[in-house]
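Chain and residue survey
Each chain, written out:
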Amino acid sequence: MSTETGIGASVRRKEDKRFIIGKGRYLDDITKPGQTYGYFVRSPYAHAKINDFDATEALKAPGVVAVLTGPDMEADGIGPIICGWSITSKDGTPHKAPAHPALAIGHVRYVGHQVALVVADTLQQAKDAAELVEIDYEELPHVVEVGDALAEGAPQIHADVPGNLSFDWELGDKAAAEQAISTAHHVTRMDLRNNRVIPNAMEPRAALGEYDMGTDEITLYTTSQNPHVHRLVLSAFNGVAPEHKLRVIAPDVGGGFGSKIFIYSEETVCAWATKKLNLPIKWTAERSEAFLSDAHGRDHETHAEMAFDSNGKILGFKVSTKANVGCYLSTFASAVPTYLYGTLLNGQYTMPAIYVEVQAGFTNTAPVDAYRGAGRPEATYVVERMIEIGAREMGIDPGEIRKRNFIAPDAYPYETPVIMTYDSGNYALAMDKAQETIDYAGFDARKAESAQRGKLRGIGYSSFIEACGIAPSAAVGSLGAGVGLWESAQVRFNPTGSVTVFTGSHSHGQGHETTFAQIISDQLGVPIDQVEISHGDTGKVPFGMGTYGSRSLAVGGSAIMKAIDKIVEKSKKIAAHTLEASVEDIEHSGGVFSVAGTDKQMTMAEIAFSAYVPHNYPADVEPGMDETAFYDPLNFTFPAGTHIAEVEIDPETGTTEILDWVAVDDFGNIINPMIVEGQVHGGLAQGIGQALMENCVYDKESGQLLTGSYMDYCMPRADDLPTFRVETINTPCTTNPLGVKGCGEAGAISAPAALMNAITNALGKEIDMPATPEKVWRAAQGL
Amino acid sequence: MYEFNYKRPSTLDEAAALLNEDTVLLAGGQTLLPTLKQRLAQPEALVDLSAIESLRGVCPDGDQLAIGSMTTHAEVAAKATIPALASLAKGIGDAQVRNRGTIGGSIANNDPAADYPAAVVGLNAVITTNKRAIAGDDFFTDLFETVLEEGEIITNVTFPQPDAAAYMKFDNPASRYAIVGVMVAKTSNGIRVAITGAGPCVFRQTEMEAALSSNFSTQSIENINVSADGLNSDLHASAEYRANLIKVLAKRAVAQIDG
């Protein structure tokens, strides 16, 4: 069993059949009897005061049911959108999170800001009526870049946030870092920009609210990575309905990349309005709305200083970052540039002293929150650009300088100066494999050959580390998280021996329906086609925390392992009774329970049947075979690896071609190598996209989003990418029962630094992301 | 989109009779439909030309290649007997656009970043409408402007077979329109260099034409200074960068012809 469908097998994805034959059920595929359509009136201005709102004409338009506003929600006692993680500033004060009503009250603060919901019988009628809503806006000064927003004299976005500063946070030992820098043999100093990106999930966000007057229950279908978190927040903070009267269903969801973690205005409004109007209301974002109002990612301005001794050993690291959080603090916006960023600045290295300070600034732009990697790509970019530039400045080979600084394989557990304890790793091994695969020794010859053709060849490293499997509840609680970050699993045997697993982890492309089924198949000997994974419906699955931060397998998978432990324990009692042996003598392996030293045995299916038809059954055991477990991780997991990118630049046009890409990642134990490789490919595409072409641009003058469609926002396409060479090494995680680390974000975390190191190696000078053709051309031509 | 009426005449005369200031011709719809979806236009009616069979087809005729205005980019890419033209068509948009978009629709729209204008001017084509024949050089007047009058419908575009031609394009990485596209052609009435994408409208680079006429080689345009004055500048490319691309792509087109 285990060899074909168990742990370690590249089982084809069970879920793909329904997607390939067009039977996936995404939100917009769902239609309810009597359904109406919602269309949001949005601000055309970056910053304005609403002097007057008049829906008289809109309400007279054909098919219009209602036009709902922020004041209507306030009157119904609906609370504002919240931020779920409280950050404490250097001075001990809590972060400033100004009230964020789901529909604007009095002011609009970014282009696309939700002002009103028009509900009509058809979408066309709703859109027609939206044009009839008359709003008298008084434009106010705006600011879109974080450096400008935090500068003196910047336009004030919120009356209760002086200087637009949400928080000024620090971590590490400032004095020690500065001491190292002031006395070091060499200090590398750089300003680095981590460009802003827009998530672009294939399925845009959507919500469908349905109210049952008989039961007083609201059902909210929404594109969520974590339906229980949606339910909890909408109930406890927004007051849409009591938790037991609110059911949240995230059906098939077409990608998230973080952007569907958050509790947004639109689903909050739909959940409230369906009860208010007693009508099903559906809203599906148009792509333009997705560009404007999905939470964006990254957007850091950083100054970094890295101190080295004469051998290239890092002595100290000091990082000052300004993070753009947009106009309001989104659900986890405050955690991303702090505890998911500063804590990873140690990289794979021994760094005696680290200090990081982060100022988070409000701007008149869409909220910024977690996006594939969330803080860790920003950290890796800073660490891996700085060590590479340091190597260049000191004339040390970039691979060699990393090796001199790697944490040794026998140094675990390794405590960093920025509150992380790495459990396991082997960084030099990944580096060696990557260098060998790409033939690093042959690079100079390849560079010379390119030069003969008038091309500039470059090679670049990224030895990244990330913290996944977020996270021990007590630890994150002490750092300001408003929730616990455990996961749940329920393993239910049916009387005929098939299994349904209910998991709090949500799958929106990751392949849980296959990976989780492989765990059951491996551990309990159930044929994989007899295992169903159920997720995404708070009416079916136990309370769970959802999918983000590459946590599903490390935390959700571990919860399944814990439930399996309970199944095994109970099964042993049943087997002992049936086989007339003592429980201590029952041995279990892959779903077969046998009496030690005999040929007497029972299969898991036989035991499950016995549990539901308990005619010959132990007196002290409950009937049924259905176990639930909750798993709270002991630590983060720390996937790491080395990626090497090789590029060739055409100096006449500035075009960069990626010639080769080797990724050697340590994900610990691997359940399904094919899915892991696919995850790495996807992550790399996103990371390469950010480094080479993706860039969210707001116009400073008008505050308009200039990159509001695919005509101007450049997504990576297959022909932009090379054939990736993906390898893994496997040092098992020591803190979870599966020994797994997480692979979903690695590519996106690692790729930008590797690619920019390769491009700047080719150019012989530093440029910021994205390395667009014109920027590269200017650098190549010395302009 | 706003509501509109939809008409699908089967003859050119019927189509012409339906045209007025409130109606719009629908060819492949690759620009018009997104515009309608974004509610940026509100025509009373669309007049769909797709039922008029005579407007479709790639017809080589001696040293001429006549292409019906409703011929899709994909068809041109597959059937055009002028390799530079086929290759240009193959590089437009993506497969979906090429299977819907038409040559007539593209040139009538005259998007400054479209590819076909470079072929029409660079290959010295003649555009035939239901009313007259127009020289390619006279057809495009300004940003999204042509000499077409109300009620005028393009029926075909006729390309004289060049002695040699090459089209080089630098894609906008997002939209894959031309940031700059350069058609260099040796034609029966001289060397032509047509530039699209770089300015508000396709134009001929006469200095390069003169230099290449006396000596058709990359060296002869090496020392030409391409001015950035009047060129487009946007999020993706400054005028200065476009000026550089004009020269680089022209040289590559010449090299391809020579090669």
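For every chain, the first residue of its written sequence is number 1, and the numbers climb from 1 along that sequence. To label them, take the chains in the order written and letter them from A, then take the ligands in the order written and number them from 1. Thresholds applied to this predicted model are a pLDDT of at least 70 for local features of residues and 80 or more for the giving and counting of side-chain atom pairs; totals over whole chains, interfaces and linings are not thresholded and use all residues.

**Focus on the overall build of chain A**
- Helix numbers and strand numbers start at the N terminus; a helix is a DSSP run of H or I with at least 4 residues, a strand a run of E with at least 2. The helix and strand inventory of chain A stands at 21 helices and 28 strands.
- Each of the three principal axes of chain A carries a C-alpha extent, and together these read 85 × 75 × 50 Å.
- Here chain A, with 783 residues, has 58% of them falling under the buried criterion.
- Note on contacts: each residue gets a C-beta atom placed from the backbone, and two residues are in contact if those atoms are within 7 Å. When contacts within chain A are restricted to residue pairs at least 6 apart in sequence, long-range pairs at least 24 apart make up 81% of them. Around each residue's C-beta, the other C-beta atoms within 10 Å are counted; 20 or more make the residue buried, 12 or fewer make it exposed, and counts in between make it partly exposed. All C-beta atoms are placed from the backbone.

**Points about the overall build of chain B**
- What chain B contains, in helices and strands, is 11 helices and 14 strands.
- In terms of overall size, chain B behaves like a compact globule, its C-alpha atoms giving a radius of gyration of 18 Å where 259 residues would be expected to give roughly 18 Å.
- Along the first, second and third principal axes, the C-alpha atoms of chain B reach 55 × 45 × 30 Å.
- Sorting the 259 residues of chain B into buried and exposed places 43% on the buried side.
- Taking as baseline every contact in chain B between residues at least 6 positions apart, the subset at least 24 positions apart corresponds to 61%. Here the globule rule reads 2.2 Å times residues to the power 0.38, and the radius of gyration is calculated from C-alpha atoms.

**Describing the environment of Gly28 of chain B**
Residue and element names in this part refer to chain B.
- Mapped onto the fold, Gly28 is located in the loop between strand S2 (23-26) and helix H2 (32-37).
- A tally of 24 C-beta atoms within 10 Å means that Gly28 is categorised as buried.
- A sequence separation of 43 residues divides Gly28 from Thr71, and the C-alpha atoms of the two residues are 9.0 Å apart.
- Leave out the neighbours within four places in its chain, and Gly28 touches Thr72, Arg100, Gly101, Thr102 and Gly105.

**Considerations on the pairing of strand S3 (residues 64-69) of chain A**
Residue and element names in this part refer to chain A.
- Where burial is concerned, most of S3 is hidden: 6 out of the 6 residues are buried.
- Any two strands are treated as partners once DSSP identifies two or more bridges connecting them. Summarising the sheet, S3 and strand S5 (residues 114-120) pair through 5 bridges and their orientation is antiparallel. Looking across to S5, one finds that Leu68 is bridged to Leu117.

**Some remarks on the domain arrangement of chain B**
- Each assigned domain of chain B is listed with its residue range as follows: domain 1 (1-52) and domain 2 (164-258).
- These domain boundaries are the output of an automatic or database domain assignment. A separation of 34 Å is found between the C-alpha centroids of domain 1 of chain B and domain 2 of chain B.

**A few points about the sheet that holds strand S8 (residues 186-197) of chain A**
Residue and element names in this part refer to chain A.
- The mixed open sheet is built from 5 strands, whose spatial order is S7-S15-S14-S13-S8. Each edge of the open sheet is held by one strand with a lone partner, namely strand S7 (165-172) and S8. Strand-to-strand twist across the sheet, computed as the mean angle between neighbouring axes with direction ignored, equals 10 degrees.
- Pairing between strand S13 (residues 297-308) and strand S14 (residues 314-326): 9 bridges, direction antiparallel. For helices, the fitted line uses only the C-alpha atoms of the stretch in contact; every axis is such a line through C-alpha atoms, and the angle between N-to-C directions lies from 0 to 180 degrees.

**Re helix H16 (residues 512-524) of chain A**
All names here are of chain A.
- The span you would expect from a helix comes to 1.5 Å times its residue count less one. Between the first and last C-alpha of H16 there are 18 Å, a value that for 13 residues agrees with the 18 Å anticipated at 1.5 Å per step.
- With 13 of its 13 residues buried, H16 lies for the most part within the structure.
- One or two positions beyond H16, positive phi appears at Gly525, with a value near 70 degrees.

**A look at the interface of chain A and chain B**
- On the chain B side, the residues contacting the 12 residues of chain A number 11 residues.
- Note on residue categories: nonpolar means Ala, Val, Leu, Ile, Met, Phe, Trp, Tyr, Cys or Pro, charged means Asp, Glu, Lys or Arg, and polar means any other residue, Gly included. Here the side of chain A that touches chain B is built from residues that sort into 8 nonpolar, 1 polar and 3 charged.

**Focus on the nonpolar core**
- In terms of nonpolar packing, the biggest core is built from 320 residues, with Val118 of chain A together with Val182 and Met183 of chain B touching the most fellow members.
- For this core, the element with the most residues is helix H20 (residues 746-763) of chain A, which contributes 12 residues.
- Excluding its chain neighbours within four sequence positions, the residues that come into contact with Met183 of chain B are Ala84, Ala118, Ala119, Gly122, Leu123, Ala165, Tyr167 and Ala194 of chain B. For this entry, the nonpolar core is defined as buried Ala, Val, Leu, Ile, Met, Phe, Trp, Tyr and Cys residues connected by C-beta atoms within 7 Å.

**Details of the domain arrangement of chain A**
All names here are of chain A.
- Structurally, chain A comprises domain 1 (2-23 + 486-631), domain 2 (31-140 + 202-255 + 260-293) and domain 3 (297-470 + 635-781).
- The gap between the C-alpha centroids of domain 1 and domain 2 is 39 Å.
- With 14 residues of domain 1 in contact, the opposing surface of domain 2 contributes 17 residues.
- In the side of domain 1 that touches domain 2, the residues fall into 3 nonpolar, 10 polar and 1 charged.

**Focus on unusual backbone geometry**
All names here are of chain A.
- With an omega dihedral of -10 degrees, the bond running from Ile470 to Ala471 counts as a cis peptide bond.
- Among the secondary structure elements, Ala471 is positioned in the loop between strand S18 (456-465) and helix H15 (473-478).
- Cis geometry marks the peptide bond from Met769 to Pro770, where omega comes out at -10 degrees.
- Examined against the element boundaries, Pro770 turns out to sit in the loop between H20 and helix H21 (773-781).

**A short note on the sheet that holds S5 of chain A**
All names here are of chain A.
- On the basis of which strands lie adjacent, the open sheet formed by 7 strands has the order S3-S5-S1-S12-S9-S10-S11 and mixed pairing. The open sheet has two edge strands, S3 and strand S11 (246-249), and neither has a second partner. The mean angle between the axes of side-by-side strands here comes to 20 degrees, regardless of whether they run parallel or antiparallel.
- Pairing between strand S9 (residues 206-212) and strand S10 (residues 217-222): 6 bridges, direction antiparallel.

**With respect to helix H5 (residues 123-130) of chain A**
- The set of residues buried in H5 of chain A consists of Gln125, Ala126, Asp128, Ala129 and Ala130 of chain A.
- Check the buried side of H5 of chain A and you find it contacts strand S1 (36-42), helix H3 (56-60), S3 and S5 of chain A.

**Side note on the environment of Ala691 of chain A**
Residue and element names in this part refer to chain A.
- Position of Ala691 relative to the elements: it lies in helix H19 (residues 673-692).
- In sequence terms Ala691 and Gly373 are 318 residues apart; their C-alpha atoms lie 14 Å from each other.
- Contact partners of Ala691, with chain neighbours within four places excluded, come to Ala751, Pro752, Leu755, Met756, Met769, Pro770 and Ala771.

**Quick word on the packing of H16 of chain A against helix H17 (residues 552-579) of chain A**
Residues and elements named next belong to chain A.
- Running from amino to carboxyl end, H16 crosses H17 at an angle of 30 degrees, the nearest separation of the two axes being 11 Å. Here H16 lies roughly parallel to H17, going by the angle between them. By crossing handedness, the relation of H16 to H17 is classed as right-handed. Contacts from His512, Thr515, Phe516, Ile519, Gln523 and Leu524 in H16 reach Ser552, Leu553, Gly557, Ile560, Met561, Ile564 and Ile567 in H17.
- Considering only residue class, the contact of H16 with H17 consists of 8 nonpolar, 5 polar and no charged. Relative orientations are named as follows: roughly parallel for angles under 35 degrees, roughly antiparallel for angles over 145 degrees, roughly perpendicular for angles from 65 to 115 degrees, and oblique for any other angle. In this scheme the handedness of a crossing depends on how the near helix is turned from the far one: anticlockwise by less than a right angle means left-handed, clockwise means right-handed.

**Some points on the packing of helix H12 (residues 398-405) of chain A against helix H13 (residues 427-438) of chain A**
All names here are of chain A.
- H13 packs onto H12 with a crossing angle of 165 degrees between their chain directions and a minimal axis gap of 10 Å. It follows from the interaxial angle that H12 and H13 lie roughly antiparallel. Judged by the twist between their axes, the crossing of H12 over H13 is left-handed. In contact with Gly399, Arg402 and Lys403 of H12, H13 contributes Ala428, Met431 and Gln435.
- Here the residues of the contact of H12 with H13 are counted per class, giving 2 nonpolar, 2 polar and 2 charged.

**So, the pairing of strand S3 (residues 45-48) of chain B**
All names here are of chain B.
- Relative to S3, strand S1 (residues 5-7) runs parallel, the two sharing 3 bridges. From the neighbouring strand, Lys7 faces S3, where its bridge partner is Val47.
- Here S2 runs beside S3; their pairing, made up of 4 bridges, is parallel. In the sheet register, Thr23 faces S3, and the bridge partner there is Ala45.

**Here we look at the environment of Ile198 of chain A**
Residues and elements named next belong to chain A.
- Summarising the element assignment, Ile198 is placed in the loop between S8 and S9.
- What makes Ile198 buried here is the crowd of 22 C-beta atoms within 10 Å.
- Along the sequence, Ile198 and Glu289 sit 91 residues apart, while their C-alpha atoms lie 12 Å from each other.
- Aside from chain neighbours lying at most four places away, what touches Ile198 is Phe291, Asp294, His296, Cys696 and Tyr713.

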